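Here's the letter readout for the chains.
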Amino acid sequence: MKKSILLFCIPFLLWGSTYDATLLQLGAKLFPKVALMEKGTKERIQSNVNFVIIAAPSNKVAAQRLSEMIERQYGGTLSNYSLNVSIVSAKEALEIKNAHGFILLLEPDESILSPLLEHAHENKILTFSFDPVLLQKGAAISLYIGRSVKPYINLTTLKQVPFTFEYGFLKLSQSY
């Protein structure tokens with residue numbers, strides 16, 4: 001009996017996510033609020049804030065958990081706007097133009113990452129990540145969890161796009 005339970009659990013361990021519940025919860029709380037702190041993003045919002053979670057196949061479970069956490073956190077409303085969250089593949093995300101944030105649950109070595117980030121920058125879509133390597137590759141914002149939780153911002157990306165954040169957010173953040 002114990003062996004059969006162990007054999008049943010092995011696929012979940014092998015294909016498990018590197019995103020723990022605490023990390024996802026922090027992202028669920030912070031990422032939507034950060035989008036409202038960026039001047040251009042806030043100006044582009046009409047009635048809905050659209051967040052897209054872009055997940056590699058191995059991160060689909062984590063993407064679903066993150067989506068549910070965002071829904072629980074905000075109840076479908078962010079500030080005075082409707083909050084919509086969808087989960088797509090990186091290939092599907094290349095077709096999306098009317099989003100306010102891409103949350104990247106991708107591996108840093110995925111070949112589609114560079115075109116995806118370029119697409120996001122061209123369409124002035126904020127990119128969020130939990131992985132500092134994705135920040136190095138061009139994502140705009142990542143989270144650092146140490147003694148405190150700090151957003152890391154990629155200044156090169158912010159200048160290229162350009163994204164303009166409120167001073168309070170910039171002061172709180174760590175520059176990369």
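Within each chain, residue numbers correspond to sequence positions counted from 1 in written order. Thresholds applied to this predicted model are a pLDDT of at least 70 for local features of residues and 80 or more for the giving and counting of side-chain atom pairs; totals over whole chains, interfaces and linings are not thresholded and use all residues. To get the side-chain values, all heavy atoms of the structure are used, and hydrogens and water are removed first.

Visitor: Report on the overall build of the protein chain, specifying residues and quantitative values.
Guide: In terms of helices and strands, the protein chain carries 9 helices and 8 strands. Relative to its length of 176 residues, the protein chain is compact, with a C-alpha radius of gyration of 17 Å against a globular reference of 16 Å. Taking the principal axes of its C-alpha atoms as reference, the protein chain extends roughly 60 × 40 × 35 Å. Only protein chains enter the accessibility calculation, which uses a 1.4 Å probe; a residue is then buried when its area is under 20% of its type maximum, exposed when over 50%, and partly exposed in between. Counting over 176 residues, the protein chain shows a buried share of 43%. Sequence separation of 24 or more characterises 64% of the internal contacts of the protein chain that already satisfy a separation of 6 or more. A helix here means a DSSP run of H or I that spans at least four residues, while a strand means a run of E at least two residues long, and both kinds are numbered starting from the N terminus. A radius of gyration in this sense is built from C-alpha atoms; the matching globule rule multiplies 2.2 Å by the number of residues raised to 0.38. A contact between two residues is defined here by any heavy atoms of the two lying within 4.5 Å.

Visitor: Tell me what's going on with the nonpolar core, and back it up with residues and numbers.
Guide: In terms of nonpolar packing, the biggest core is built from 35 residues, with Leu66, Ile103, Leu105, Phe128, Phe130 and Ile141 touching the most fellow members. Those elements giving two or more residues to this core turn out to be helix H2 (21-36), strand S1 (48-55), helix H4 (60-74), strand S4 (101-105), strand S5 (126-129) and strand S6 (141-145). With 7 residues, the top contributor of residues to this core is H2. Apart from residues lying up to four places away in sequence, Phe128 is in contact with Phe31, Val34, Ala35, Phe51, Gly101, Phe102, Ile103, Leu104 and Ile141. Nonpolar cores are built from buried Ala, Val, Leu, Ile, Met, Phe, Trp, Tyr and Cys residues. Side-chain atoms within 4.5 Å join them into one set.

Visitor: Would you mind going over H2 in detail, with residue names and values included?
Guide: To estimate the expected span of a helix, count its residues, drop one, and scale the result by 1.5 Å. Between its first and last C-alpha, H2 extends 24 Å over 16 residues, near the 22 Å set by a 1.5 Å rise per residue. Two axes enter the definition of the bend at a residue: one is fitted to the seven residues ending there, the other to the seven starting there, and the bend is the angle between them. In the structure, H2 departs most strongly from a straight axis at Leu30, where the bend amounts to approximately 25 degrees and where the proline Pro32 lies between one and four residues downstream. Looking at H2, one finds that the buried residues are Leu23, Leu24, Gly27, Ala28, Phe31, Pro32, Val34, Ala35 and Leu36.

Visitor: So what's going on with the packing of aromatic side chains? Residues and values would help.
Guide: Working definition: a ring pair exists when centres of Phe, Tyr or Trp rings (six-membered ring for Trp) sit within 6.5 Å. Plane angles under 30 degrees give stacked, over 60 give edge-to-face, the rest tilted. All told, the structure shown has 5 aromatic pairs when counted by the stated rule. Plain terms: the ring middles of Phe31 and Phe130 are 5.3 Å apart, the flat faces sit at 50 degrees to each other, and that makes the pair tilted. Of this pair, Phe31 sits in helix H2 while Phe130 sits in the loop between S5 and helix H7 (132-136), and the two are 99 residues apart along the sequence. Accessibility classification places Phe31 together with Phe130 in one group, the buried group.

Visitor: How would you sum up the sheet that holds S1? Please name residues and give values.
Guide: DSSP bridges decide pairing: two strands pair if at least two such bridges lie between them. Strand order in the open sheet formed by 8 strands is S2-S3-S1-S4-S5-S6-S7-S8, with mixed pairing between adjacent strands. In this open sheet, the two edge strands, each paired with only one partner strand, are strand S2 (77-78) and strand S8 (174-175). Pairing of S5 with S6, which is carried by 2 bridges, proceeds in the parallel orientation. Residue pairing for S6: Phe128 is matched across the bridge by Ile141. Lying on the sheet, H2 is in contact with S1, S2, strand S3 (81-88), S4, S5, S6 and strand S7 (149-153); it crosses S6 at an angle near 140 degrees. Against the sheet, helix H6 (residues 113-122) makes contact with S1, S4 and S5, and its axis sits at roughly 165 degrees relative to S4, the strand it touches most. Helix axes are fitted to C-alpha atoms over the stretch in contact, other axes to C-alpha atoms as well, and angles between N-to-C directions run from 0 to 180 degrees.

Visitor: Summarise the pairing of S4; cite the residues concerned and give the values.
Guide: Across the 5 residues that make up S4, a large majority, 5, are buried. Burial along S4 is two-sided: Gly101, Ile103 and Leu105 and Phe102 and Leu104, pointing in opposite directions, are all buried. Judged from the 5 bridges that link them, S1 and S4 form a sheet pairing that is parallel. Considered in S4, the bridge of Phe51 is made with Gly101. With 4 bridges connecting them, S4 and S5 associate as parallel partners.

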